[in-house]
Structures are given as structure tokens and as C-alpha cells.
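Chain and residue survey
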Amino acid sequence: MHDVVIVGGGMAAFTAALYSARRGLKVLVIAKDIGGQANYTDLIENYPGITETGGFELISSVRKQAEHWDVEIVNAEVDNVKRLEQGFVTSAYGKQYKSKTVILAFGKTPQDLRVSGEDLFKGQGISYCATCDAPLFKGKTVAVAGIGDLGLDAILLLTKYAKKVYALAKGDRLPGGHPALLKMVMQKKKVELVPFIEILEIRGQHAVEELKLKDLKGQGTKILKIDGLFVELGYVVNSEFVKDLVDLDPEGQVKVNADQSTSVPGIFAAGDLTDRPYKQAVISAGEAAAAALAAYDWIMKQQGGAGMSSDWTEIKRIKK
Amino acid sequence: MNHHKLAIIGSGPAGLTAAIYAARANLEPVLFAGLTYGGQLMLTTEVENFPGFPKGIMGPELMQGMIEQAERFGTKVMYEDVTKVDFSGRPFKLSTQNQEFTADSVIIATGASSLWLGLPSEGKLRGHGVSSCATCDGAFFRNREIIVIGGGDAAMEEASYLTKFASKVTVLNRSEVLRASKIMQDRAQANPKISFMMNTVVEEFLGTDRLQGVKVKDLKTGESKVLDTVEGAFIAIGHKPNTDLFKGQIELDAKGYIVATDQTKTSIDGVFVGGDVRDYRYRQAITAAGMGCMAALDAEKFLHMDQG
């Protein structure tokens, strides 16, 4: 039985781990991928105290800091969190982990395309992060399914590596994005617009080899030979697995109270998955520290103590 | 003309993070760092719980880094104390001893101060064995003997928490009875590592570059003695928010903390708040920094809506 199970592998998760472990709690972090959204960021220059760092670098340093303490890390995808009479049980890859509290800190993840073959070739030619993976496609042919500036930035970056970049569009042009950026992208010789199509299937032997496209203007389908597909559709909170457990807002974000607690006592949340409007590494870290201390407080109260005291509780007592 | 879109008062993690974000958003903020700048971290030595520094960092070094970062993006840092504010009309007015300023928006990040005993030896050994933050510094005292000064819930909580690290914890209480709630007292008293010295005060913290013993006095007998195996002392007699400047200008709670809604908003439209000056609960550098960032983002939004 752990004191706290932390779901996630980014800034919030490892800060929560650091703070819980420093409070002497028995901590387990279950992370699908280490690094979270910060992995997709090249350069961070607004994290207080650090002039310049990379996203992965920053998360790695917080992870290292947490690991100075007794923190257990499991690399797995959580598919369920259930409430028990006493505490919670978190399931990941068929294993069950019991804990007194849970901190949800799994952030946001890239939006999937939701087409056939996508799950099969994730990491085998399909990438959701041009910043991370563009250099792997030097001299190759790639396609980009993207929206707005995200998609345009990806195409622009890929022209530096790939020999050919197909820009996929359902209409006659790429959707959204800054007009000046769009113009710059379309002027690149390597970029070819593939208009009026929809991806039906991603195919290949061991990795992506071709896309089966539906012709939205004419009839039938066509095949596009590629070595890689980049999906840049933005980020979402993948909170499906807790939707019956904690209150979510319409966007699937976890509703939190001022002290990072959720609608379920004993479950806390921090970072980009909360319903607060701010999404920044330093805010995720701040919320996570608070969530860890709130979890500690909750455990102490369950054990009959008065928990973490503050000037505020003292005042209320004096007033009575 | 000393007019700014945004004025930030305070130079701890909350104020400086607000400045970093606001400056990067081209708000060209002025930050009043004060004569003693850098906030509570200037009084600490090694900080090992600020995320991103696995090897730890010295408190003053961390704050110096944040000041440079804020300046690099265009924050104007004034090493003067704000002596008066007037939030009754727009633009808001702020005065220092020598100058007057106006601003379209303000972020208050003046922090809180730990209450200290006020002994000269305490000032000398602060950060070298004498601390007011068990969460920050407790882990440095693994297998050491320490004392906790205070008799309230905070003192009981800190004493209990510190037994995770320390070999022995002695709680010193000035009077015959503890102020703490019964449940907290019971829990501390049931802990075999905790003992109590009632009617006892510290006369002097001993040691030159680190704490080595404490001279205490029994108020009942008048006798003094030296606890020579004590290497750590935690002062847990409370905190005070730095809000004297804002009395009558903005809504404060009974204990003097600034009342905030939606994380950062105060009772005055256009005046935002972040950090320990509104956080009576967690008081961590990183939580303050996070709140400072929120305040800057909200101030930016406010200015955008206000000025189109």
C-alpha cells in the first residue's frame, strides 16, 4: 500500500513526487511517457531561476531531484482508478496498485487522428511531435495532418530535413494559422498541398508506408506513398479513464478546488489537466507542490491527526 | 513620467516570476524590490525543493538568477521600498521615499515574514541550524537532535514531521500549557521521539558558523542550562503577512492576508495578488512562483481588455 499514487510523468507529476517524498510519504509514480508535454518544447526561458533549458532537460532534472528520495517509478499506462472503502486502486497494464491518495497529473496529450492503423504505427512512422522527431526523417518523404500554426510550424521544420512534405487538407487550403506563416510555408519548394482529401487508413508492413486517402471532391480513393506521418492537431486532456470518478468540465479537464482537491476526497489534481485557465510549467509545479502537501494533510487527518496546520485554522479556532 | 502599465510590489519568487512573464509579454513592468530584496529565500542557505535544481541551490543565488532573468526581458527593478499606495482611482498611485509612480495595474507580492524570537544569536545562525521552515529544512537534520520552539498546532505539526529525520525532538514552550489543539498534542506526546520542556525559553543559540547547542532558561526556577547536543532549532511561533501598506486600500482577512478570488483577483479591479501574502497554507517558493505567474497572466489579460 502506497501513501500516494501519482498518475503522470511531467512537471506536475515529478514535483508532486518530490514534495510527497520529502514529506516522508511512500510514493509511486505511474507514467506512460516520461517528460509529458514539455518534451515538445525546445527552449524554455521563462522558468524562474533557469535562464535557458529544454523541456526534456527540465523534466529530467525534476525527476532526478525526486529520485533522491524514496520514489518508485513504473512505466505504464493507467486505465482505471477505483475508489475502495479505504483508499484507492489504480490499474495499469493489468497490475493493481493500492494507495491512500491519488494525485492526477497526466497533463495534456496530443490529439489522435482516430483512423485505422494509427495505434499500430505510433512511433513507427507516425509522430505527434515534429520538434522531437523531424531530424529522424532526413531525406525522406513525409505527410503532415495538422491545423493552425501547429501544423504550419511542423511543415516548416520538416522542410529542413525531409526531401518532400505533403500538406494534407480537407478543403482547398491548410486550415487556420497565421496568413503570413501560411504564405511562407506554401512558397517552400518541398511542400506540396494535397487538397480535398481525408485519411482513411494508415498502412505498412512494420512501419508506415502509405496512406489511403478518400477523395472528397471527386470519387473513390487514392494512395499516397510516404515514410512518415506527422499529426499536429493540438492537445487534449485524456481523462476518459476517470470520467466516472471525478467531476470534469465539458472539455474533459479535472475540476479542482483552491487546495487542489477534486470532487472525490483523497484525489488531488495538478497541472495542465485542471480546469484552471493557465498552462505553464511553473504553475504546474506550484500546483503539484500544493497537491502533495494537501495529500499529506489528508492522510494525517484520516489517521486522526489535525493535519497540516496553518495560521488560518488557528484563527478559526480562536474565534470560536 | 513615471507611468507604467504594470507595477509589481515585492521581489520574492512570486514577484519575480510575475516580472519574468509580464516582461516577456512586453508589459515593461516596474518591480519594487525593496531595500532588502529577494524575499524569504535570502534568509535560507541551501534550497533543495525548488523543482529543477537536483543538486540544490543557495537561496540568494536562486533569487539573484530570477532578478537577472526578469531584467533581461525588460523589467525595471527599483531597489526602493514602496511607502504608500493609493488604489482609490485609476491610474493607481505608488510612492517610494523619493519618487511617485502611476500604473494601470498592480501585482502585490509582498510575501509574509516568519515571526522570530529576536535574539542576536538567532540572526547570526539563521540558515545555519536555525530555521523557521520545517518543510524546507527538516531533511538536513537526519539523525540529529533538534528543538522546536512554540506551542501551537504549527509547532506540534513541525515536531511530528521532524521526527521523520531527527533522532530526537524537544519542544520548548514558554508557558505551562500548550496552545495546540488536543488532538495535535496527543499525537506529539505519543511520539517516542518527542519530549517537552515547558516554561522554557531560549536565551542564546550557541555556535559560530553553525548551531552547536542552545542555552535555555526555566522560567519557573530561573535556572539556565545548555542543551549541548542540539544541532537544529525550528522556530514555529507563526507568520505575518506583509500587508501594512494595503490596510484600508484593499480587502484583508482577519489575520491580515489579502483576500483573493479566482486565484489572483483582489477586491480592486486591476490589482492582482500572488504568493505568501495570500497563501497562509503552503508557503513554498514554487507555489509562490506559480501564483506569481498566474497574476502576470491575469494582469496581461486585464490590460488587454482594458486598453483594447
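Below, the structure is looked at part by part. The model shown is predicted, which means the values in this text are computed figures rather than measured ones.

Some words on helix H1 (residues 13-24) of chain B
All names here are of chain B. With 12 residues, H1 should reach 16 Å at 1.5 Å per residue; the first-to-last C-alpha distance of 16 Å fits that figure. Within H1, 11 of the 12 residues are buried, which leaves it mostly tucked inside the rest of the structure. Pro13, Ala14, Gly15, Leu16, Thr17, Ala18, Ala19, Ile20, Tyr21, Ala22 and Ala23 are the residues of H1 that are buried. Asn26 lies just past H1 and shows a positive phi near 60°.

Focus: the interface of chain A and chain B
Where the parts come together, the accessible area they lose is often given as the size of the interface. At the interface, 51 residues of chain A touch 54 residues of chain B. Regarding the contact of chain A and chain B, the summed buried area is about 4,800 Å², with carbon and sulfur atoms giving 55% of it. Viewed at the interface, chain B and chain A are joined by 4 salt bridges. Here Arg281(B) makes a salt bridge to Asp297(A), at a shortest N to O gap of 2.7 Å. Residue assignment for the side of chain A that touches chain B shows that the elements contributing at least two residues are helix H1 (11-22), helix H2 (55-67), helix H7 (281-302) and helix H8 (311-319) of chain A. The leading source of residues in the side of chain A that touches chain B is H7(A), at 13 residues. For the side of chain A that touches chain B, the per-class residue count stands at 23 nonpolar, 15 polar and 13 charged.

Concerning the pairing of strand E16 (residues 224-227) of chain B
Residues and elements named next belong to chain B. As paired elements, strand E15 (residues 214-218) and E16 share 4 bridges and run antiparallel to each other. Bridge pairing in E16 links Val216 to Lys225. The turn joining E15 and E16, which pair antiparallel and follow one another in sequence, is formed by 5 residues; a positive phi near 80° is taken by Gly222.

Describing the nonpolar core
Residues and elements named next belong to chain A. By size, the foremost hydrophobic cluster in this structure holds 102 residues, and its most contacted members are Ile6 and Tyr47. Here the element with the most residues in this core is H7; it accounts for 14 residues. In this structure Ile6 touches Ala13, Ala16, Ala17, Ser20, Val27, Leu28, Val29, Ile30, Ile103 and Ala105, once residues within four positions along its chain are discounted. Within the second largest apolar cluster, 25 residues are counted, among which are Leu104, Val237, Val242 and Val264.

Some thoughts on the sheet that holds strand E14 (residues 221-225) of chain A
Sheets are built from strands paired through backbone hydrogen bonds, the pairs being either parallel or antiparallel. Residue and element names in this part refer to chain A. Pairing within the open sheet is antiparallel, and its 3 strands lie in the order E12-E13-E14. Edge positions in the sheet fall to strand E12 (197-203) and E14, since each of these pairs with one other strand and no more. With strand direction ignored, the average angle separating the axes of adjacent strands in the sheet is 30°. By the bridge criterion, 5 bridges tie strand E13 (residues 210-215) to E14 in an arrangement that is antiparallel. Following the sheet pairing, Leu213 is matched in E14 by Lys222.

A look at the sheet that holds strand E12 (residues 168-172) of chain B
Residues and elements named next belong to chain B. Taken together, the 5 strands give an open sheet; going across it, the order is E10-E17-E11-E12-E13, and neighbouring strands pair in parallel fashion. Of all the strands in the sheet, the pair left with one neighbour each is strand E10 (130-131) and strand E13 (194-197). Strand direction decides the pairing type here: strand E11 (residues 145-149) and E12, joined by 5 bridges, are parallel. Each bridged residue has a counterpart across the sheet, and for Val148 the counterpart in E12 is Val171.

Re empty space enclosed by the protein
Residue and element names in this part refer to chain A. Evaluation of the coordinates by the stated rule reveals 1 cavity of 30 Å³ or more. Of the volumes computed, that of the largest cavity is approximately 40 Å³. Of all the elements in the fold, those that place two or more residues in the lining of the largest cavity are strand E9 (141-146) and helix H5 (148-158). Sort the elements by how many residues they give to the lining of the largest cavity and H5 lands first, with 4 residues. Split by residue class, the lining of the largest cavity holds 6 nonpolar, 3 polar and no charged.

Quick word on the packing of aromatic side chains
Given two aromatic rings, one states the distance between the centres and the angle between the planes to describe the pair. Counted under the stated rule, the structure contains 11 aromatic pairs over all chains. On the numbers, 6.2 Å between centres and 55° between planes, the contact of Tyr47(A) with Phe50(B) is tilted. Residue Tyr47(A) is located in the loop between strand E2 (27-31) and H2, and its partner Phe50(B) is located in the loop between strand E3 (46-47) and strand E4 (57-58); the two belong to separate chains. In terms of burial, Tyr47(A) and Phe50(B) fall into one category: buried. An aromatic cluster of three or more residues is present, and its members are Tyr47(A), Phe50(B) and Phe53(B). Between the NZ or CZ atom of Arg23(A) and the centre of the ring of Tyr296(A), over which it lies, the distance is 4.6 Å. Positioned above the aromatic ring of Tyr161(B) is the side chain of Arg23(A), whose terminal nitrogen or guanidinium carbon lies 4.0 Å from the ring centre.

Some details on unusual backbone geometry
All names here are of chain B. A cis amide bond links Arg90 with the next residue in sequence, Pro91, at an omega value of -5°. Examined against the element boundaries, Pro91 turns out to sit in the loop between strand E6 (82-86) and strand E7 (92-96). Located in the positive-phi region is Asp262, a residue other than glycine, with phi close to 45°. Since its relative accessible area comes to 54%, Asp262 is described here as exposed.

Cut-off values and rules
- Residues numbered from 1 in each chain as written.
- Chains lettered and ligands numbered in written order.
- Predicted model: local features only at pLDDT ≥ 70, side-chain atom pairs only at ≥ 80, totals over all residues.
- Heavy atoms only, no water.
- Helix = DSSP H or I, 4+ residues; strand = E, 2+ residues; numbered from the N terminus.
- Expected span 1.5 Å × (residues − 1).
- Buried < 20%, exposed > 50% of the residue type's maximum accessible area, 1.4 Å probe, protein only.
- Contact = heavy atoms within 4.5 Å.
- Buried area = accessible area lost by both parts, 1.4 Å probe.
- Salt bridge = Lys/Arg side-chain N within 4 Å of Asp/Glu carboxyl O.
- Nonpolar A, V, L, I, M, F, W, Y, C, P; charged D, E, K, R; others polar.
- Pairing = 2+ DSSP bridges.
- Core = buried A, V, L, I, M, F, W, Y, C linked by side-chain atoms within 4.5 Å.
- Axes fitted to C-alpha atoms, helices over the stretch in contact; angles between N-to-C directions.
- 1 Å grid on protein atoms, 1.4 Å probe; cavity = no way out; pocket = protein on both sides within 12 Å on 5 of 7 lines; lining within 4 Å.
- Points joined across faces, edges and corners; volume = space filled by probe spheres on them.
- Phe/Tyr/Trp six-rings, centres within 6.5 Å; stacked < 30°, edge-to-face > 60°.
- Lys NZ or Arg CZ within 6 Å of the ring centre and 35° of its normal.

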